[in-house]
Amino acid sequence: ETGVTQTPRHLVMGMTNKKSLKCEQHLGHNAMYWYKQSAKKPLELMFVYSLEERVENNSVPSRFSPECPNSSHLFLHLHTLQPEDSALYLCASSQVWPPETQYFGPGTRLLVL
Amino acid sequence: KNQVEQSPQSLIILEGKNCTLQCNYTVSPFSNLRWYKQDTGRGPVSLTIMTFSENTKSNGRYTATLDADTKQSSLHITASQLSDSASYICVVSPTGGGADGLTFGKGTHLIIQP
């Protein structure tokens, strides 16, 4: 339950704001992920880091900028977002990459006004 | 294009009843299939993972089945409880791995009524 934590849990921001989402995993895993979950759509993989190196970037707009300072922490920096970016942003980790089972955090519910 | 289709989209049943959720996929070659449970406002939690050689796997009142020939999986919930209300997501991984290869279904939203 507390293996992967995310802060904040809820965030409201204007289109001109800059904010950051934080993820921390306490499982000793080597890979971390950012996903976007919109209503009635499948989870969309945004970024993958393995051993602190970015290994996947699925054509995500540059207004989303990830950062992985160490294997336990992952950030998603947000700037000049659009209302359609409102969604649940999920962080996950796995022992290795490619993953077997991923462990998800509780998510950050983002609303862009 | 790899796809995972889940049905029904939503389901309402009475507490104590059984139900079965379906997952059809086109991912090939196939490595493994996972079912996740996602409570409202929380991240998904793994229920089962099956490789292509496994036909069934249980986790308490949850039983997943897999038919790799027809590319179908089901999740059967026995004696449902109010806490089973959640979204259930089917995820299929192709051979060779790679997180970008993971294909997620849209999920089935299950509501258990007292």
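Everything here concerns the structure above.
Residues numbered from 1 in each chain as written. Chains lettered and ligands numbered in written order. Predicted model: local features only at pLDDT ≥ 70, side-chain atom pairs only at ≥ 80, totals over all residues. Heavy atoms only, no water.

K.L.:
Talk me through the state of the cysteines; I want residue IDs and the actual numbers.
P.N.:
For the structure shown, the criterion picks out two disulfides over all chains. Note on cysteine connectivity: A:C23 is disulfide-linked to A:C91, with sulfurs 1.9 Å apart. Because the torsion about its S-S bond is -70°, the bridge between A:C23 and A:C91 counts as left-handed. Here the residue A:C23 occupies a position in strand β3 (residues 18-25), and A:C91 occupies one in strand β9 (residues 87-94), the gap between them amounting to 68 residues. The residues A:C23 and A:C91 share a single accessibility class, namely buried. With its sulfur 2.0 Å from that of its partner, B:C23 forms a disulfide with B:C90. Between B:C23 and B:C90 the sulfur-sulfur dihedral comes to about -65°; the bridge is accordingly left-handed. Pair noted here: B:C23 is in strand β3 (residues 19-25) and B:C90 is in strand β9 (residues 86-94), with a separation of 67 residues, a long-range link. (Disulfide = S-S within 2.5 Å. Helix = DSSP H or I, 4+ residues; strand = E, 2+ residues; numbered from the N terminus. Buried < 20%, exposed > 50% of the residue type's maximum accessible area, 1.4 Å probe, protein only.)

K.L.:
Report on the interface of chain A and chain B, specifying residues and quantitative values.
P.N.:
The partner chain B presents 21 residues to the 24 residues of chain A that form the contact. Its largest share of buried area at the contact with chain B, chain A owes to A:P42, A:E100 and A:F104, together 24% of the area lost on that side. The interface formed by chain A and chain B contains zero salt bridges. Across the contact surface, chain A and chain B share four residue pairs in polar contact (both at pLDDT 80 or more). Of all the secondary structure elements, the ones that give two or more residues to the side of chain A that touches chain B are β4 (31-37), β5 (44-50) and β9 of chain A. Of the residues contributing to the side of chain A that touches chain B, the split by class is 13 nonpolar, five polar and six charged. (Contact = heavy atoms within 4.5 Å. Buried area = accessible area lost by both parts, 1.4 Å probe. Salt bridge = Lys/Arg side-chain N within 4 Å of Asp/Glu carboxyl O. Polar contact = N/O pair within 3.5 Å; in protein donor to acceptor, adjacent residues only side chain to side chain. Nonpolar A, V, L, I, M, F, W, Y, C, P; charged D, E, K, R; others polar.)

K.L.:
A description of the sheet that holds strand β6 (residues 56-59) of chain B should follow, citing residues and the corresponding values.
P.N.:
Residues and elements named next belong to chain B. Strand order in this open sheet of five strands is β1-β3-β8-β7-β6, and the pairing throughout is antiparallel. Since the sheet does not close on itself, it has two edges, and those belong to β1 (4-7) and β6, each with one partner. Adjacent strand axes in the sheet meet at a mean angle of 15° when their direction is disregarded. Where strand β7 (residues 62-67) meets strand β8 (residues 72-77), six bridges bridge the pair, whose relative direction is antiparallel. Within β8, the position partnered with A64 by the bridge is L75. (Pairing = 2+ DSSP bridges. Axes fitted to C-alpha atoms, helices over the stretch in contact; angles between N-to-C directions.)

K.L.:
Could you give an account of the pattern of salt bridges, with specific residues and numbers?
P.N.:
Residues and elements named next belong to chain B. What the rule picks out here adds up to five salt bridges over all chains. K37 is the partner of D39 in a salt bridge, and the nearest nitrogen-oxygen pair spans 3.8 Å. A relative accessible area of 15% means that K37 is categorised as buried.

K.L.:
Any details on the nonpolar core? Residues and values, ideally.
P.N.:
Ranked by internal contacts, the top residues of the largest apolar core, which has 23 residues, are B:Y25, B:L33, B:W35, B:L75, B:Y88 and B:V92. Only β3, β4 (30-38), β5 (45-51), β7, β8, β9 and β11 (108-113) of chain B provide two or more residues apiece to this core. Judged by nonpolar contacts, the second largest core, of 22 residues, contains A:M13, A:F47, A:C68 and A:L76. (Core = buried A, V, L, I, M, F, W, Y, C linked by side-chain atoms within 4.5 Å.)

K.L.:
Requested: an account of the sheet that holds strand β7 (residues 64-70) of chain A, with residues and values cited.
P.N.:
Residue and element names in this part refer to chain A. Pairing in this open sheet of four strands is antiparallel, and the strands run β1-β3-β8-β7 from one edge to the other. Two strands lie at the open edges of the sheet, namely β1 (4-7) and β7, each paired on one side alone. Recorded for the sheet is a direction-independent mean angle of 20° between the axes of neighbouring strands. Sheet topology note: the β3/strand β8 (residues 73-79) ladder contains seven bridges and is antiparallel.

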